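Okay, here's what each chain looks like letter by letter:
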Amino acid sequence: MKRNIPFLTAMAKEFISLSSSILVTVMSIFLASLLVRGVEGTIGVNYGTIADNLPPPPQVAHYLLESTVINRVRIFDADPDILKAFAHTGIAVTVTVPNDQIPRLTKLNFAQQWVEENIQPHTPATNIIRILVGNEVLSAANKLLIGSLVPAMQTLHTALVAASLDRRIQVSTPHSLSVLSNSNPPSTGKFRPDYDTRVVKPLLSFLRATNSPFMVNPYPFFGCSGDTLDYALFRPNAGVFDQNTGLHYTNMLDAQLDAVYSAMKLLGFDDLEIVIAETGWPSMGDTTQVGVDANSAAEYNGNLMRHVTSGAGTPLMPNRTFETYIFALFNEDLKPGPTCERNFGLFRPDMTPVYDIGILRPSARSSIPNNPIPVPRANPTSKSWCLPKTGADEDALQRNIDYVCGLGLDCGPIQEGGACFLPNTVRAHAAFAMNVYFQSTEKNEFDCDFDQTGAITNVDPSYGKCQY
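Residues numbered from 1 in each chain as written. Predicted model: local features only at pLDDT ≥ 70, side-chain atom pairs only at ≥ 80, totals over all residues. Heavy atoms only, no water.

### Concerning the pattern of salt bridges
Applying the stated criterion to the full structure yields nine salt bridges. For Arg-72, the salt bridge goes to Glu-323, with nearest N and O atoms at 3.2 Å. Residue Arg-72 is found in strand 2 (residues 72-75), and its partner Glu-323 is found in the loop between helix 12 (294-308) and strand 13 (324-326); the two are separated by 251 residues along the sequence. Like Arg-72, the residue Glu-323 is buried in the burial classification. Between Lys-335 and Glu-341 there is a salt bridge, and its shortest N-O distance comes to 3.7 Å. On the accessibility criterion, Glu-341 (4% relative accessible area) is buried. Ionic contacts of the salt-bridge type, sharing partners, join the residues Arg-72, Arg-130 and Glu-323 into one network. (Salt bridge = Lys/Arg side-chain N within 4 Å of Asp/Glu carboxyl O. Helix = DSSP H or I, 4+ residues; strand = E, 2+ residues; numbered from the N terminus. Buried < 20%, exposed > 50% of the residue type's maximum accessible area, 1.4 Å probe, protein only.)

Here you go:
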C-alpha cells in the first residue's frame, strides 16, 4: 500500500505540537495545584510518644489521613506498631535511630541488621522517606557519639544501598542551633570551631553526595523575650537590620535559618537543602516564659505554616519553600521539665485540637474549642540548685545532658576548655546541665525530676571558676 508520507509527516508534526501544548497546559495546572496545596506538600508533624494516654497508632494514622492535610510524620524511633499503622496511607514517614545506638551503627553488620529488622519489613507499604541518625548529637557532651555520627551515617547508607533502598530513603541527622558558635547577625553565622572541619564538613560532604538535606531544629520560642515576642511570632515589628548584607529581618525564624545558611556557605555547602526538623510553640507554660498561651501558639504555628510554604524564602535564601515539621502532634504528659514541655501539641490525647492553624479538613473543624484553656502559673521558690541523685544511672544522666543541651541552653562551660569541664565525668557534666535547666524554670520540684534522677539542694555546688 502506498503511503502519503508528506501528509503523515505534517499530521505527526501537528499532533506533536498539539500534544506539547496540552502537556504544557497540564503541567501548568499541576504546578499551580501544588502551589495551592503547598501546605499539604511541605508541612509535617513530630509524633512524640512520651505519654501514657495517647490513642493507638492506627487511630492516629487514620485521623491524620482523613481529618487533616498533614502528609508527613517524623517519629523518634522506629516503632513497628507506628510503622504498621501508616502502611498504605501514603503519608511520608521519617524514622530515627536513637542516640545510644549510634556507636554500634558504625559496624556494617549491625547497620544491615538494623535495616533488615526496622525498615525492610515495612517498605514499600509504609512510605519511609528518611532515617535520622540520632537527634541533636553535636549538642551532646559525648565525644563517642560525636565521633561516631558521620561514620554511622555512612555505614547506614551502605546498608541501604545493599538493600536497594538508597534511592527511596535518605539519611540525615537534626541539629539544634547550639551547633553554631555565632548567629547574630545572620550573615556571621558559623559552626563551632571544635566541630566545623572535623565533624560538620564531612557531614555536609556526605549529605551532598547522597542528595540529603541538612536538618535543623530552630525554636524562636526559646530565643525570644518580652521585647522580641512580636519578632518571634511573625507579628508586625521594627525588625532587625544586618549591616553586613544590608538585609532586613522581620521574623526570628528567618534570622535563625539564615545563620545556618551562612555557616554552611562558609564551608562551601550553600547548595544543600535545609529542612526544619522541629519547631513549635507551647500553648501552656510557666510565669517566666513569655507568650505561653493557646493564642500565641496558634499564631506562631499558623504564621510559620504560611511563611515556609509561601515561596518567599528568607533574605539570604529567597524564593524557596522549606519542608517543615511542627513540634508536636500531641501534648505529652510524661515529658520532664517545665509546663511548656508537656504542651507543645497541636492535639490533645483525645484527638481534639488545642487550636486551629488550618491543618484540619472542613469536616473536622467543628471540634475546635472556642475558649482556649487558661495558662496555669507556678509559684517561684527560694534559691536552690538541681543535682543528680546519689547512685543515678550514668546512661540516664547522659540523656539528661543531651536533652538540656539540645534545647539550646548554655552548655559551653562543660565543653572541653570550659570552666566546668573538669572533672570530666558524666555525673559532673549532668549536674551542671540539669541545674542550667532548673534555673531557667520556676524551680518547682518537677523541674528537677529528670525521670527521678534529680534532687533539689540548698547548698551551692559552685567551685573555683565553675559557677552554678
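Having seen the model, we can carry on.
### Some details on a negative patch on the surface
On the surface, Asp-100, Asp-393, Glu-394 and Asp-395 cluster together into a patch of negative charge. With respect to the helices and strands, the residue Asp-395 is situated in helix 13 (residues 394-406). Judged by relative accessible area, Asp-395 falls into the exposed class, the value being 53%. (Patch = residues over 30% accessible without salt bridge, like charges linked within 9 Å, V, L, I, M, F, W, Y side chains within 5 Å. Areas by Shrake-Rupley, 256 points an atom, 1.4 Å probe, with all protein chains shown as cover. Lys, Arg positive; Asp, Glu negative; His and termini not counted. Charge placed at Lys NZ, Arg CZ, Asp CG, Glu CD.)

### Examining the nonpolar core
One finds Val-95, Trp-114, Phe-191 and Leu-204 to be the most contacted residues of the largest nonpolar core, which totals 105 residues. Once you skip the residues sitting within four places of it in the chain, Phe-191 turns out to touch Val-179, Leu-180, Ser-181, Asp-196, Val-200, Leu-204, Phe-214, Ala-263, Met-264 and Leu-267. Counting 22 residues, the second-largest nonpolar core is a separate cluster that includes Ala-392, Cys-411, Ala-430 and Val-436. (Core = buried A, V, L, I, M, F, W, Y, C linked by side-chain atoms within 4.5 Å. Contact = heavy atoms within 4.5 Å.)

### Structural notes on helix 6 (residues 108-118)
Among all positions in helix 6, only Phe-110, Ala-111, Trp-114, Val-115 and Asn-118 are buried. Taken end-on, helix 6 shows its buried residues confined to a sector of 135°, consistent with a single buried face. Away from its buried face, by an angle of more than 90 degrees, helix 6 presents the exposed residues Asn-109 and Glu-117. Buried positions along helix 6 lie against helix 4 (80-85), strand 3 (92-97), helix 5 (102-105), strand 4 (128-133) and helix 7 (143-162). (Arc of directions from axis to C-beta.)

### Things to note about the state of the cysteines
Scanning all chains against the criterion turns up three disulfides. Listing the disulfide partners of the chain by sequence rank of the bonded cysteines yields 1-5, 2-3, 4-6. (Disulfide = S-S within 2.5 Å.)

### Notes on the environment of Thr-96
Within the secondary structure layout, Thr-96 lies in strand 3. A distance of 2.7 Å separates a polar side-chain atom of Thr-96 from the backbone oxygen of Ile-75. (Polar contact = N/O pair within 3.5 Å; in protein donor to acceptor, adjacent residues only side chain to side chain.)

### A look at the sheet that holds strand 1 (residues 43-47)
Spatial ordering of the open sheet is given by 5-4-3-2-1-13-12-9-6, a layout of nine strands whose pairing is parallel. At either end of the open sheet lies a strand with only one pairing partner, and these are strand 5 (170-172) and strand 6 (174-176). Strand-to-strand twist of the sheet, defined as the mean angle between neighbouring strand axes without regard to direction, takes the value 25°. Strand contacts of helix 11 (residues 252-266): strand 9 (214-217) and strand 12 (274-279), with the helix running at about 135° to strand 12, the strand carrying the most contacts. (Pairing = 2+ DSSP bridges. Axes fitted to C-alpha atoms, helices over the stretch in contact; angles between N-to-C directions.)

### Digging into the pairing of strand 9
Judged by which residues are buried, strand 9 turns out to be covered on both faces: Phe-214 and Val-216 on one side and Met-215 and Asn-217 on the other are all buried. Pairing between strand 6 and strand 9: three bridges, direction parallel. Bridging across to strand 9, Ser-176 finds its partner in Asn-217. Here strand 9 runs beside strand 12; their pairing, made up of three bridges, is parallel. Note that in strand 12 the partner of Met-215 across the bridge is Val-275.

### Observations concerning unusual backbone geometry
Note the cis peptide between Phe-327 and Ala-328, where omega equals 10°. For Ala-328, the location among the structural elements is in the loop between strand 13 and strand 14 (385-388). Positive phi, normally seen in glycine, also occurs at Ser-164, with a value near 60°. One non-glycine residue with positive phi stands out, namely Phe-450, at about 45°.

### Description of the packing of aromatic side chains
Evaluation of the coordinates by the stated rule reveals 18 aromatic pairs. Pairing Tyr-63 with Phe-347 gives two aromatic rings, centres 5.5 Å apart and planes at 85°, and the pair type is edge-to-face. Here Tyr-63 is found in helix 3 (residues 57-67), whereas its partner Phe-347 is found in the loop between strand 13 and strand 14, with 284 residues between them in sequence. What makes Tyr-63 buried here is its relative accessible area of 14%. Ring centres of Tyr-219 and Phe-344 lie 6.0 Å apart, and the angle between their planes is 85°; on these two criteria the pair is classed as edge-to-face. You can see Tyr-219 sitting in the loop between strand 9 and helix 9 (220-223) and its partner Phe-344 sitting in the loop between strand 13 and strand 14, a full 125 residues away along the chain. Grouped by ring-pair contacts, the aromatic residues Phe-76, Tyr-219, Phe-221, Phe-222, Phe-234, Trp-281, Tyr-300, Phe-327 and Phe-344 constitute a single cluster. A cation over a ring is seen here: Arg-342 above Phe-446, with NZ or CZ 5.1 Å from the ring centre. (Phe/Tyr/Trp six-rings, centres within 6.5 Å; stacked < 30°, edge-to-face > 60°. Lys NZ or Arg CZ within 6 Å of the ring centre and 35° of its normal.)

### Some details on the pairing of strand 12
Among the six residues that make up strand 12, six are buried, leaving the element largely enclosed by the rest of the structure. Pairing of strand 12 with strand 13, which is carried by two bridges, proceeds in the parallel orientation. From the neighbouring strand, Thr-279 faces strand 13, where its bridge partner is Ile-326. Running through helix 12, the crossover from strand 12 to the neighbouring parallel element strand 13 is right-handed. (Right-handed = clockwise from strand over helix to strand, strands pointing away.)

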